[in-house]
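Tertiary structure, described
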Amino acid sequence: MPLLNTFPPQADESGLGYYRRLAAGNALWGWRELARMAQVSSHRSGLFGRPEFVATQLGLETDWAQQATTAESAAKGCKGLHRMRADAVCPACLDESVHIRSYWEHAFVTACPQHRTVLIDRCPTCNDWLHPTRDRIEQCGCGQDLRRASSEAATNEQLWLSALLISEGASSAGIQPKLRHVVPHALSELVKLLCLYADPRAATPRRNTANPATVQEAMEFLRPLQMLLSNWPQGFEQHIRQRIEAGNQEARTLNTLLGRWYQQLKKVCADDALRVFLETVLRVSQAAFDGVLTGDSAAELVPDLNDHIRLAEAAKRIGVSHDRLLKALREGECRYRTRRFGTRGLVYEVPITEVER
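Counted as a void, the largest pocket has a volume near 580 Å³. If you trace the largest pocket, you find 30 residues lining it, with Ala 74, Ala 75, Cys 78, His 106 and Glu 168 closest to the centre. Elements with a minimum of two residues in the lining of the largest pocket: helix H4 (62-76), helix H6 (156-166) and helix H7 (184-196). Here the lining of the largest pocket is built from residues that sort into 12 nonpolar, 11 polar and 7 charged.

Okay, structure coming up:
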């Protein structure tokens, strides 16, 4: 049966949020009654499987139903980070327009960059969850108008992550590190890694802790970002030094020294927009670790990282034999450094400035 009152979804509206708003606008008992009218399953997926059929049944424009399906598919792409237990909303945003923003459904979005406040997912009056089945989006079941609810100020780190996820990597709200064009999934994987392994001396964490169900759980999980991203890049550099100190002091490669954290970081930071994190690890390690970095595949991503080259390459560039240059090093004719290499050996590295000289 076609609806009496129809309207298009907002550009940033969630798929289910749109059908909830349609149900409320037609005095129905929620989106499940709307699904029954459309003669589709009353499970959440029912309204999104056949958008053309739903549009015909409800008297909607096909484009409107397709937009809702697209928004729902994008939310499902968050996988374990799709917030479904309760709505998380910004009261000030609801006051401007009563609709559920699609990005509020991402578990790592805990703040509103526009109003610089933390999202709420509990009613400030009755403390109940903001259930997705409530009749009106702007109102709790107890009658509290959520547009009048207060919310605490967000931290810079909460705003940084939320802004990047909301803008799909286009903006970090002017907060360092300023990333551009980062893929939200890659950013989420980086954040998971940084927060799960925030303590350099802790045992391997359980990954299911990276799937918070509520805003409070998300803020607790993301709390390490306040340390890691504060006063960028100093906070992250200090963390790297702590990891180097906590690592196996007999290690001769970064893979062995920094372990799974570093190995996973290299995979995540294959995204060019996140390379600054890997570059920072390599630059700090160059000064704090006496193993060889030039053999590390990640070092190739930072071509200007090393200001030294190995003895054999230096001899080739200068135009002398390996033995002649080695003798010059041992007799103090030019500067050099040694790095641990292999199982027990050392390699000589010559500053590029010395080679040029």
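Here the focus is the nonpolar core. Residues Trp 160, Leu 161, Leu 187, Phe 236, Trp 261, Leu 274 and Phe 277 are the most contacted members of the largest nonpolar core, which totals 69 residues. Ranked by residue count, the leading element in this core is H7, at 8 residues. Ignoring anything within four residues of it in the chain, the contact list for Trp 261 reads Leu 193, Leu 194, Tyr 197, Phe 236, His 239, Ile 240, Arg 243 and Val 281. If you look at the next biggest cluster of nonpolar residues, it comprises 22 residues, including Leu 16, Leu 22, Phe 48 and Ala 68.

So, about the packing of helix H13 (residues 311-318) against helix H14 (residues 322-330). Where H13 meets H14, the closest approach of the two axes is 9 Å, and the angle between their N-to-C directions is 110°. In this view, H13 runs roughly perpendicular relative to H14, as classed from their interaxial angle. Contact with H13, carried on its side by Leu 311, Ala 312, Ala 314, Ala 315 and Ile 318, involves His 322, Leu 325, Leu 326 and Leu 329 of H14 and no other residues of that element. In the contact of H13 with H14, the residues fall into 8 nonpolar, 1 polar and no charged.

Definitions and cut-offs
Per chain, residue numbering runs from 1 following the sequence as it is written. At least 70 in pLDDT is required for a residue's local features to be given in this predicted model, at least 80 for side-chain atom pairs to be given and counted, and no such filter applies to totals for whole chains, interfaces and linings, which use all residues. Note that the side-chain values use all heavy atoms of the structure and ignore hydrogens as well as water. Residues are called lining when one of their atoms sits within 4 Å of a cavity or pocket point, these points coming from a 1 Å grid over the protein atoms alone, where a cavity is a set in which a 1.4 Å probe fits but cannot get out and a pocket is an open set with protein on both sides within 12 Å along at least five of seven lines. Grid points are joined across faces, edges and corners, and a volume is the space filled by probe spheres set on the points. Helix and strand definitions here come from DSSP, where helices need a minimum of 4 consecutive H or I residues and strands a minimum of 2 consecutive E residues; each element is numbered from the N-terminal end. Three classes are used: nonpolar for Ala, Val, Leu, Ile, Met, Phe, Trp, Tyr, Cys and Pro, charged for Asp, Glu, Lys and Arg, and polar for all others, with Gly counted as polar. Nonpolar cores are built from buried Ala, Val, Leu, Ile, Met, Phe, Trp, Tyr and Cys residues. Side-chain atoms within 4.5 Å join them into one set. Think of it in three bands: with a 1.4 Å probe and only protein chains considered, a residue is buried below 20% of the maximum accessible area for its type, exposed above 50%, and partly exposed in between. Only heavy atoms enter the contact rule, under which two residues are in contact if any of them lie within 4.5 Å. Note on geometry: axes are lines fitted to C-alpha atoms, helical ones only across the stretch in contact, with angles between N-to-C directions running from 0 to 180 degrees. Orientation labels follow simple angle bins: below 35 degrees gives roughly parallel, above 145 gives roughly antiparallel, 65 to 115 gives roughly perpendicular, and whatever is left gives oblique.

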